[in-house]
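The residues making up each chain are set out below.
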Amino acid sequence: MDVSAAAALGAGIAAGLAALGASIGNGNVISRTVEGIARQPEAKSTLQATMFIGVGLIEALPLLSWVVALLLMFTK
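In this text, all values refer to a predicted model and were calculated from it rather than measured experimentally.

## A short note on the overall build of the protein chain
And step 1. For the protein chain, the helix and strand inventory stands at 2 helices and 0 strands.
And step 2. A compact globule built from 76 residues would reach a C-alpha radius of gyration of about 11 Å, whereas the protein chain, at 17 Å, exceeds it by more than 25%.
And step 3. C-alpha atoms of the protein chain, sized along the principal axes, occupy 55 × 15 × 10 Å.
And step 4. Among the 76 residues that make up the protein chain, the fraction classed as buried is 20%.
And step 5. For the protein chain, the proportion of contacts with a sequence separation of at least 24, taken over those separated by at least 6, is 76%.
And step 6. Accessible surface, the protein chain as shown: approximately 5500 Å² in total, 72% of it carbon and sulfur.
And step 7. For the protein chain, the separation between the mean place of its 4 positive charges and that of its 4 negative charges on side chains is 3 Å.

## Quick notes on the UniProt feature "domain: V-ATPase proteolipid subunit C-like" (unreviewed entry) in the protein chain
And step 1. The UniProt feature table records "domain: V-ATPase proteolipid subunit C-like" (unreviewed entry) at residues 9–72.
And step 2. Taken as a whole, residues 9–72 contains 94% helix and 0% strand, while its terminal C-alpha atoms sit 12 Å from one another.

## Some thoughts on the UniProt feature "transmembrane region" (unreviewed entry) in the protein chain
And step 1. Under the local residue numbering, the UniProt record ascribes the feature "transmembrane region" (unreviewed entry) to residues 51–74.
And step 2. Helix makes up 100% of residues 51–74 and strand 0%. Its end C-alpha atoms lie 35 Å apart.

## Some thoughts on helix H2 (residues 44–74)
And step 1. Across its 31 residues, H2 extends 45 Å between first and last C-alpha, which sits within 8% of the 45 Å expected from 1.5 Å per residue.
And step 2. Listed as buried for H2 are Met51, Gly54, Val55, Pro62, Ser65, Ala69 and Met73.
And step 3. Considering only its buried residues, H2 is in contact with helix H1 (5–39).

About the criteria used
- Residues numbered from 1 in each chain as written.
- Predicted model: local features only at pLDDT ≥ 70, side-chain atom pairs only at ≥ 80, totals over all residues.
- Heavy atoms only, no water.
- Helix = DSSP H or I, 4+ residues; strand = E, 2+ residues; numbered from the N terminus.
- Rg over C-alpha atoms; globule rule 2.2 N^0.38 Å.
- Buried < 20%, exposed > 50% of the residue type's maximum accessible area, 1.4 Å probe, protein only.
- Contact = heavy atoms within 4.5 Å.
- Areas by Shrake-Rupley, 256 points an atom, 1.4 Å probe, with all protein chains shown as cover.
- Lys, Arg positive; Asp, Glu negative; His and termini not counted.
- Charge placed at Lys NZ, Arg CZ, Asp CG, Glu CD.
- UniProt positions renumbered as here; feature names shortened; annotations may be inferred.
- Expected span 1.5 Å × (residues − 1).

In structure tokens, the structure reads:
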């Protein structure tokens, strides 16, 4: 398995940018949820449930990009 430097660099950049995007997205989702709970404390359970679903979907992006990056890196 001979991996070129360009493939390894591209995979690293793709995984890094996906992780950066997911961290920004998670920060936005969580901050908006905290704001919503501060405004309407009685809606806490609904907001938290929605937040956890959103965070799960956001976290799927870096995992999928990591898998695609590895596939592109090790596939000839």
